[in-house]
Amino acid sequence: MYLQISYGSSVQDLSDKTQFPSFLRTTATDNFQAYGLAKLVIYFNWTWVGILAEDNDYGHQGSHLLKEELEKADVCVEFLVAIPDVFSGTKAINVIDVLERSTAKVIVVFSSSSVHEVMQRVVSRNITGKIWIASDGWSTLTQLSTAEFLTICEGTLGFSVRRGNMPGFKEFLERLHPFRTPEDIFLKTFWEHTFNCKWPIQLQNHTVSVIVNEASALCTGSEVLQSLDLPFMDMSDLSISYNAYNAVYSVAHALHNLKLCQPGKGPFVNRTCAEAHDFQPWQLLPYIRNVHFKNSNGEEVFFDANGNPPGIYDILNWQPTPKRTFKFVTVGRFDSRASSGLELTLNQSSIMWNGGEKQVPQSVCSESCPLGYRKISVPGKPPCCFDCVQCSEGEIANKTDSTECMKCSEDDWPNQQKDECVKKPMEFLSYEEPLGKVLAAASLGAAVLPAVILIIFIQHQNTPLVKANNRELSYVLLVSLFLCVLCSLVFIGRPVTVTCLVRQVAFGITFALCLSCILAKTVIVVIAFKATNSDSKIKRWVGPQLSKSIVIIAMSFQVILCALWLVLSPPSVERINSYKIGIIVVECNEGSPAAFWCMLGYMGLLAMVSFVVAFISRKLPDCFNEAKFITFSMLVFISVWLSFIPAYLSTRGKYMVAVEIFAILSSTCGLMSCIFIPKCYIILLRPDMNTKEFLLGRGKFITKKQK
């Protein structure tokens, strides 16, 4: 229970009050230093470090505390090697071999003066490019402050116990003299070493001179300390001395508080006090534990429950001087009393790294994975050693060193660098793209043809040819062909609800009207021929009412089918992500595929019936030769739409729409070419054939002409 205050021992075990109940200290414990060193490594983003530890309690405990703190922060330790007490033989060679093979650029050394032997071997092996991090045991080691170690140790960062000013201390040292304090048994020895002299030996009542060599002389006491450039007179590095200063003042304050104790307020049994002039050593312990004061430097001095002061360290940077030595420049501070995350403060711009560099060196096992890549572990290696692989399709990594890639939403897709999700482009047959422009131009161009033919027919409506080919039906057929061509324009552009509802229905009804007219024409041809016989019973069917009835009845089925389709399962806009990677295909969902194919099937039925009837009547007299043209037109129509089916089923998106538009234009142009172009040729270029006589007796007319 004798009070002990250490000004230099930082081993963590001494904080155990069960084993060391009366031990206190004014230097910070190594758990603070380990935590601070870990914070320093983390501050510079070093993730791959090595640790050397002195082979004693200071080195072992400090290095293991440091390793634990580093591992908590996901920093990998490449090695933790002990520095042997006697740095020679196989163990010493192993330490240097580890350093030489190491890929870590940052080496933390928890040691004291034994690190000097390590550095000598490092110099001999020319192991360069390392950043050394010094514990407080060697952060100001003057043995390394020589030209021999300049290349190796330049840029070293070290933790040093807090330094402070002690007013009057320098003046006190300057006044030291053996004559002034003859009871100081060490001062004479110090004087001899400092001035390289020997004091005369005092024997009883007389003085005897000692024999001195050529290099020394007798000490006279007239020597002046101020005349020498002595290291201990440098007040810029009062660290251990400062801790001793605080320790002595702590005892003084404890004694002062013991003396001021008032009965009934003491720390002992029944609140008693100790006798100020006759107390036991253990009685001072409660007072020293509770001491709390500000020293002459304005700094608070106190002890925690384990007898430890707060962890306060200066961070030093080893910078070369013109004299080829090192100066220890304070570049930061660690204070355990600060808020979490603010304990470490650094002036990074004042740090000089190895080689005079200002840029922070890197120490990583593997380079950071850039944006768009993720880390994968390498078997048999620590987590800091990894490979980088690019994110898979549809995934991004928007942070460096990502361990996982994130999937983009259905409407988004990674950019080329795979570091950001961007909106997927919409694909549909638009008017802006070349294919859309070509089809739109073709549709408008094709729409001109039936319009021109209609005008020609109207202008020549009283000619025999126009009358003979059922003038009213021809007009309706041309209008329906005009509408068929124009309905293809509804398929171009971004699909919306209205266009999805209209386009297939418009296509189906206009084509049904067109085919109904052709069917009516074909039936009228057959009936007209049969009605020429005097005993025919179908004469009463010949007339405009028959053609109108055929058209209306044939159209009605398609209209009813389309109406049911719109009511029961209407088409709608659909956004599909699965057709093309990275693209949203916007198309019309037909609602009921069965209704769509029934609509096409009914058109095919009308075309087939027209084809069969026209084929049967193809050998009728020449005046009724329109059946031949209808036969060819239906053959073209059926061929186009039979080819359309496999092409339609094998395409998706805008190309499926383009296939349907192409089928509409091809079949429409085929019908116009086969049915109306020959008639226009006769009307415009062969008016001699557009006569009643020619139509009624074409064979005789030709014979006379030939004759």
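Structure first, text after, so check above.
**Student:** Whenever I open this one, the overall build of the protein confuses me. Can you help?
**Tutor:** Scanning the protein from N- to C-terminus turns up 20 helices and 25 strands. Taking 2.2 N^0.38 as the reference for a compact globule, 707 residues should give roughly 27 Å; the C-alpha atoms of the protein span a radius of gyration of 53 Å, well beyond that estimate. Counting only residues that meet the buried cut, the protein has 44% of its 707 residues in that class. Restricting to contacts in the protein with at least 6 residues of sequence separation, those with at least 24 account for 66%. When the accessible surface of the protein is split by element, carbon and sulfur atoms take 58% of a total near 36,400 Å². When the 63 basic and 61 acidic side-chain charges of the protein are each reduced to a single mean position, those positions are 22 Å apart.

**Student:** For this particular structure, what's the right way to read the sheet that holds strand β5 (residues 106–110)?
**Tutor:** Hydrogen bonds between backbone groups are what pair the strands of a sheet, and the pairing can be parallel or antiparallel. An order of β4-β3-β5-β6-β7-β14-β15-β16 is seen for the eight strands of this open sheet, with the pairing classed as mixed. Strands with a single pairing partner mark the edges of an open sheet, and in this sheet they are β4 (76–83) and β16 (344–346). Averaged over neighbouring strand pairs, the angle between their axes works out to 25° when direction is ignored. Sheet analysis places strand β3 (residues 48–54) next to β5, joined by five bridges and oriented parallel. Its bridge partner being in β5, A53 is matched across the sheet by F110. Relative to the sheet, helix α2 (residues 57–72) contacts β3, β4 and β5, its axis offset from that of β3 by approximately 160°.

**Student:** Honestly, the pattern of salt bridges in this entry has me stumped. Any pointers?
**Tutor:** For side chains bearing opposite charge, pairing can occur when the charged atoms are close. A complete count under the given rule lists 10 salt bridges for this structure. Salt-bridge contacts for E100 lead to R125; the nearest nitrogen and oxygen are separated by 2.7 Å. Of this pair, E100 sits in helix α3 (residues 89–101) while R125 sits in helix α4 (residues 115–125), and the two are 25 residues apart along the sequence. Taking relative accessible area as the criterion, E100 reaches 43% and is therefore assigned partly exposed.

**Student:** What am I meant to see in the state of the cysteines here?
**Tutor:** One covalent bond between the sulfur atoms of two cysteine residues makes up a disulfide. In this structure the tally under the stated criterion is eight disulfides. There is a disulfide in this structure between C391 and C405, and the S-S distance comes to 2.0 Å. Across the S-S bond of C391 and C405 the torsion is about -80°, and the bridge reads as left-handed. Of the two residues, C391 sits in the loop between β18 (386–390) and β19 (395–396) while C405 sits in the loop between β19 and β20 (406–407), which places them 14 residues apart along the sequence. Given the relative accessible area of 2%, C391 is considered buried. A relative accessible area of 15% places C405 in the buried class. Shown here is the disulfide that connects C500 with C588, its sulfur atoms set 1.9 Å apart.

**Student:** Please clarify how helix α17 (residues 654–675) should be interpreted in this entry.
**Tutor:** Since the α-helix turns once every 3.6 residues, residues separated by three or four places project in the same direction. Along its 22 residues, α17 runs 32 Å from first to last C-alpha, staying within 8% of the 32 Å computed at 1.5 Å per residue. With 17 of 22 residues buried, α17 is to be regarded as a mostly interior element.

**Student:** Help me out: how do you make sense of the packing of helix α15 (residues 593–616) against helix α16 (residues 626–649) in this one?
**Tutor:** Packing of α15 against α16 brings their axes to within 8 Å, and their N-to-C directions diverge by 155°. Judged by the angle between their axes, α15 and α16 are roughly antiparallel. Between α15 and α16 the crossing geometry is left-handed. Contacts between α15 and α16 involve F596, W597, L600, M603, A607, M608, S610, F611, A614 and F615 from the former and A627, I630, T631, M634, L635, F637, I638, W641, F644, I645, Y648 and L649 from the latter.

**Student:** Can you walk me through empty space enclosed by the protein in this structure?
**Tutor:** If a probe as big as a water molecule is rolled over the atoms, it shows which places are left empty. This structure, assessed with the given rule, holds one cavity of 30 Å³ or more. The calculated volume of the largest cavity comes to roughly 30 Å³. Around the largest cavity sit T26, T27, A28, V161, R162, N243, P310 and I312, which together line it. Classifying every residue of the lining of the largest cavity gives four nonpolar, three polar and one charged.

**Student:** Would you mind showing me how to read the pairing of β5 here?
**Tutor:** The two faces of the sheet receive side chains in turn, since in a regular strand these alternate between them. Among the five residues that make up β5, five are buried, leaving the element largely enclosed by the rest of the structure. Taking every second residue as pointing to the same face, both faces of β5 are buried, with V106, V108 and F110 on one and I107 and V109 on the other. In this sheet, strand β6 (residues 131–134) lies alongside β5 in parallel orientation, the contact comprising four bridges. Counterpart to V109 in the pairing with β6 is A134. Each parallel crossover has a hand, and for β5 linked through α4 to β6 it is right-handed.

**Student:** Just checking my understanding: could you explain the nonpolar core for this structure?
**Tutor:** Within soluble globular proteins, side chains that are nonpolar tend to cluster in buried spots. Among the nonpolar cores identified, the biggest contains 77 residues, and F457, F507, M634, F637 and W641 are the most heavily contacted of them. Ranked by residue count, the leading element in this core is helix α13 (residues 497–530), at 13 residues. What W641 contacts, discounting residues up to four positions off in sequence, is F507, F511, L600, A663, I664 and S667. Formed by 34 residues, the second largest nonpolar core is a distinct cluster that contains F23, A38, W46 and Y313.

**Student:** Whenever I open this one, a nonpolar patch on the surface confuses me. Can you help?
**Tutor:** On the surface, V496, V498, V502 and V573 cluster together into a nonpolar patch covering about 290 Å² of accessible area. Take V573: it is sitting in strand β24 (residues 572–580).

**Student:** Explanation requested: unusual backbone geometry in the structure shown.
**Tutor:** With glycine set apart, most residues show a phi of negative sign, and most peptide bonds adopt trans. Here N126, not a glycine, exhibits a phi torsion of approximately 60°, which is positive. Residue N126 is classed as exposed on the basis of its relative accessible area of 56%. Unusually for a residue other than glycine, K418 sits at a positive phi of about 60°. Tracing the chain through its elements places K418 in the loop between β21 (412–414) and β22 (421–423).

**Student:** Even after reading the chapter, I still don't get α3, so can you show me in this structure?
**Tutor:** Taking 1.5 Å per residue, 13 residues should reach 18 Å; α3 reaches 19 Å between its end C-alpha atoms and fits that length. Residues of α3 that are buried include every one of A92, V95, I96, V98 and L99, and no others. Viewed along the axis of α3, the buried residues span an arc of 155°, placing them on a single side of the element. Facing away from the buried surface of α3 by more than 90 degrees, the exposed residues are T90 and R101. Turning to α3, the residues buried within the fold contact β3, β4, β5, α4 and β6.

Rules used throughout
- Residues numbered from 1 in each chain as written.
- Predicted model: local features only at pLDDT ≥ 70, side-chain atom pairs only at ≥ 80, totals over all residues.
- Heavy atoms only, no water.
- Helix = DSSP H or I, 4+ residues; strand = E, 2+ residues; numbered from the N terminus.
- Rg over C-alpha atoms; globule rule 2.2 N^0.38 Å.
- Buried < 20%, exposed > 50% of the residue type's maximum accessible area, 1.4 Å probe, protein only.
- Contact = heavy atoms within 4.5 Å.
- Areas by Shrake-Rupley, 256 points an atom, 1.4 Å probe, with all protein chains shown as cover.
- Lys, Arg positive; Asp, Glu negative; His and termini not counted.
- Charge placed at Lys NZ, Arg CZ, Asp CG, Glu CD.
- Pairing = 2+ DSSP bridges.
- Axes fitted to C-alpha atoms, helices over the stretch in contact; angles between N-to-C directions.
- Salt bridge = Lys/Arg side-chain N within 4 Å of Asp/Glu carboxyl O.
- Disulfide = S-S within 2.5 Å.
- Expected span 1.5 Å × (residues − 1).
- Parallel < 35°, antiparallel > 145°, perpendicular 65-115°, else oblique.
- Left-handed = near helix turned anticlockwise from the far one by under 90°.
- 1 Å grid on protein atoms, 1.4 Å probe; cavity = no way out; pocket = protein on both sides within 12 Å on 5 of 7 lines; lining within 4 Å.
- Points joined across faces, edges and corners; volume = space filled by probe spheres on them.
- Nonpolar A, V, L, I, M, F, W, Y, C, P; charged D, E, K, R; others polar.
- Right-handed = clockwise from strand over helix to strand, strands pointing away.
- Core = buried A, V, L, I, M, F, W, Y, C linked by side-chain atoms within 4.5 Å.
- Patch = residues over 30% accessible without salt bridge, like charges linked within 9 Å, V, L, I, M, F, W, Y side chains within 5 Å.
- Arc of directions from axis to C-beta.

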